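One-letter residues, chain by chain:
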Amino acid sequence: MLSSAENTPADARLDLTAEIARDLIRFDTTNYGEGRSNGETDAAEYVAANLRTLGLAPQLFDSEPGRTSVVARVPGRDSSRGALVVHGHLDVVPADPDAWSVDPFEGVIEGGLLWGRGAVDMKNMDAMILAALQDILGSGQQPARDLVVAFFADEEAGGVLGSHYLVDTHPEVFAGATEAISEVGGYSITLGGQRAYLLQTGEKALIWIKLIARGEAAHGSRLIHANAVTRLAEAVARVGRREWPIRLTDTTSALLAELASVLGVDPQRVGPDELALATGTASGFIQASLRTTTNPTVLHAGYKHNVIPDRAEALIDIRTLPGDEDKVLAEVAEIVGPDIEIVVMHRDIGLETEFGGPLVDAVVDTLGRHDPGAPVLPYLLSAGTDNKALSTLGIKGYGFAPLKLPADLDFPAMFHGVDERVPLDALVFGRQVLTDLLSNY
Ligand SMILES: [Zn+2]
């Protein structure tokens with residue numbers, strides 16, 4: 001069991017980024033999904049107060065009581081350039097304290113790492129954004145172009161009460177913005193001993209569905225063939241076991257070519273899965289970016305050991321390649337069969353943008369200054385971000401939360417995992433890279 005480093009001498013040397021990230025972790029902004037959440041207001045007010053000390057005028061938006069997002073505009077040196085949205089989300093997924101080595105909401109600092117729910121996803125980046133702004137504005141400088149800094153509520157439930165709400169009801173706060181950077185990209189992986197960075201240039205589409213099986217309610221001792229639990233279990237197993245075929249997109253083709261070149265292998269001889277596996281810790285994300293996935297995540301059925309319920313439900317998290325949503329949904333309907341009702345709870349588009357252009361060049365150049373010689377590779381995120389909502393305003397989004405990580409840290413596994421933790425020096429690196437990028441791009 002690790003102990004809190006609170007009030008220890010190490011605190012005095014804590015970088016501002018770690019300090020802010022730790023403060024944010026201590027606001028339990030758990031988002032349970034399906035409309036249940038602890039809310040983001042306290043964290044949003046903390047962020048707003050921080051922005052005000054930098055001379056900014058943050059606006060707070062409540063989509064519902066307790067569901068607060070914060071947006072502030074930072075004037076740049078050249079407002080004729082398109083504004084860049086730099087965004088994070090303030091909510092986190094639930095954490096089961098029994099499964100963790102530390103209290104997930106204490107903000108423990110131990111072994112050179114900051115531990116806690118959100119240390120990776122994504123209070124780390126929230127803190128890096130605030131610390132980079134402090135570096136730029138606090139020294140009397142300005143970013144190169146106008147920035148729209150946004151801290152959204154509700155990302156972990158699809159952004160309905162966060163980014164989508166803001167884009168739909170207050171699009172004016174993003175006026176003039178052409179591009180965005182945010183989470184799940186920019187971190188380093190190790191490829192055959194070589195450190196490389198993944199820049200997220202696309203994300204899969206998502207469809208969250210509920211399967212409903214109906215049957216006959218009866219005494220648990222009866223001979224019943226129309227058992228809702230059995231029907232549901234069969235459907236869930238078929239969907240969960242379905243192996244979707246690999247389909248390469250522009251992004252994944254480009255990534256595989258780059259991987260082959262870094263690893264010095266012939267992509268004609270080494271298959272996509274094998275190449276993805278060679279990325280080590282990132283392979284979980286990358287393999288999932290090569291095909292559709294349909295993962296059962298929640299089961300609801302029954303209320304008494306000796307009562308057969310007349311209804312059983314399951315939630316399935318479907319992530320398709322961009323554009324494949326309707327085709328996959330039709331195939332899932334076929335897989336589960338006509339006895340199972342499918343309710344689409346939430347769906348959102350996939351995104352894909354080219355690995356090129358001025359922002360990508362600036363990201364590559366900036367990383368090159370801070371970690372010379374490390375290649376930057378494009379990748380398609382198997383999950384989704386608030387960039388989906390921003391894309392409806394024509395804003396091109398990238399995943400770039402820069403972190404230089406040790407080879408032995410399985411960083412991607414910590415998104416929504418237990419014992420989320422981030423090295424303190426990676427936070428400092430991220431702050432420096434962001435400061436550089438925002439000062440010059
Ligand atoms: Zn996230």
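Details of the structure are given in the entry above.
Residues numbered from 1 in each chain as written. Predicted model: local features only at pLDDT ≥ 70, side-chain atom pairs only at ≥ 80, totals over all residues. Heavy atoms only, no water.

1. Focus: the overall build of the chain
Each helix and strand counted, the chain has twelve helices and 21 strands in total. A globule of 441 residues ought to have a C-alpha radius of gyration of about 22 Å, and the chain, at 23 Å, matches this closely. Overall, the C-alpha framework of the chain stretches about 75 × 55 × 45 Å when taken along its three principal axes. Relative to its 441 residues, the chain shows a buried fraction of 56%. Averaging the positions of the 35 positive and the 62 negative side-chain charges in the chain gives two centres separated by 3 Å. (Helix = DSSP H or I, 4+ residues; strand = E, 2+ residues; numbered from the N terminus. Rg over C-alpha atoms; globule rule 2.2 N^0.38 Å. Buried < 20%, exposed > 50% of the residue type's maximum accessible area, 1.4 Å probe, protein only. Lys, Arg positive; Asp, Glu negative; His and termini not counted. Charge placed at Lys NZ, Arg CZ, Asp CG, Glu CD.)

2. Observations concerning unusual backbone geometry
With an omega of -10°, the peptide bond running from D121 to M122 counts as cis. The topology assignment puts M122 in the loop between strand 7 (113–115) and helix 3 (123–138). We note that V184 has phi near 55°; this positive angle belongs to a residue other than glycine. Judged by its relative accessible area of 7%, V184 is buried.

3. Here's the deal with the sheet that holds strand 16 (residues 311–320)
Read across the open sheet, the four strands follow the order 14-16-12-17; overall the sheet is antiparallel. The sheet is open, and its two borders are formed by strand 14 (293–301) and strand 17 (340–348), each paired with just one other strand. Across this sheet, the average inter-strand angle for adjacent strands is 20°, counted without regard to direction. Summarising the sheet, strand 14 and strand 16 pair through eight bridges and their orientation is antiparallel. (Pairing = 2+ DSSP bridges. Axes fitted to C-alpha atoms, helices over the stretch in contact; angles between N-to-C directions.)

4. Overview of the side chain of D91
Its location among the elements puts D91 in the loop between strand 5 (83–89) and strand 6 (109–110). A distance of 2.8 Å separates a polar atom in the side chain of D91 from a polar atom in the side chain of N31. (Polar contact = N/O pair within 3.5 Å; in protein donor to acceptor, adjacent residues only side chain to side chain.)

5. Observations concerning the coordination of the zinc ion
The zinc ion binds to the protein through H89 (NE2), D121 (OD) and E183 (OE); the donor distances cover 1.8 to 2.1 Å. All donor residues of the zinc ion come from one chain, and their arrangement in sequence is H-x31-D-x61-E. Placement of the pair is D121 in the loop between strand 7 and helix 3 and E183 in the loop between strand 9 (177–182) and strand 10 (188–191), with a sequence separation of 62 residues. Here E183 falls in the buried class, since its relative accessible area comes to 4%. (Donors = N, O, S within 2.8 Å, 3.2 Å for Na, K, Ca; no water.)

6. Considering the pattern of salt bridges
Applying the stated criterion across every chain, the model contains 19 salt bridges. Taking the shortest distance from any N to any O, the salt bridge between K210 and E313 comes out at 3.4 Å. Remark: E313 occurs in strand 16 and K210 occurs in strand 12 (residues 205–214); sequence separation between them is 103 residues. Given a relative accessible area of 14%, E313 falls into the buried group. With a shortest N-O distance of 3.1 Å, R247 and D324 are connected by a salt bridge. Placement of R247 in the loop between helix 5 (228–241) and helix 6 (250–263) and of D324 in the loop between strand 16 and helix 9 (325–336) is noted, with a sequence separation of 77 residues between them. Owing to a relative accessible area of 11%, D324 belongs among the buried residues under this scheme. Ionic contacts of the salt-bridge type, sharing partners, join the residues D15, D135 and R431 into one network. (Salt bridge = Lys/Arg side-chain N within 4 Å of Asp/Glu carboxyl O.)

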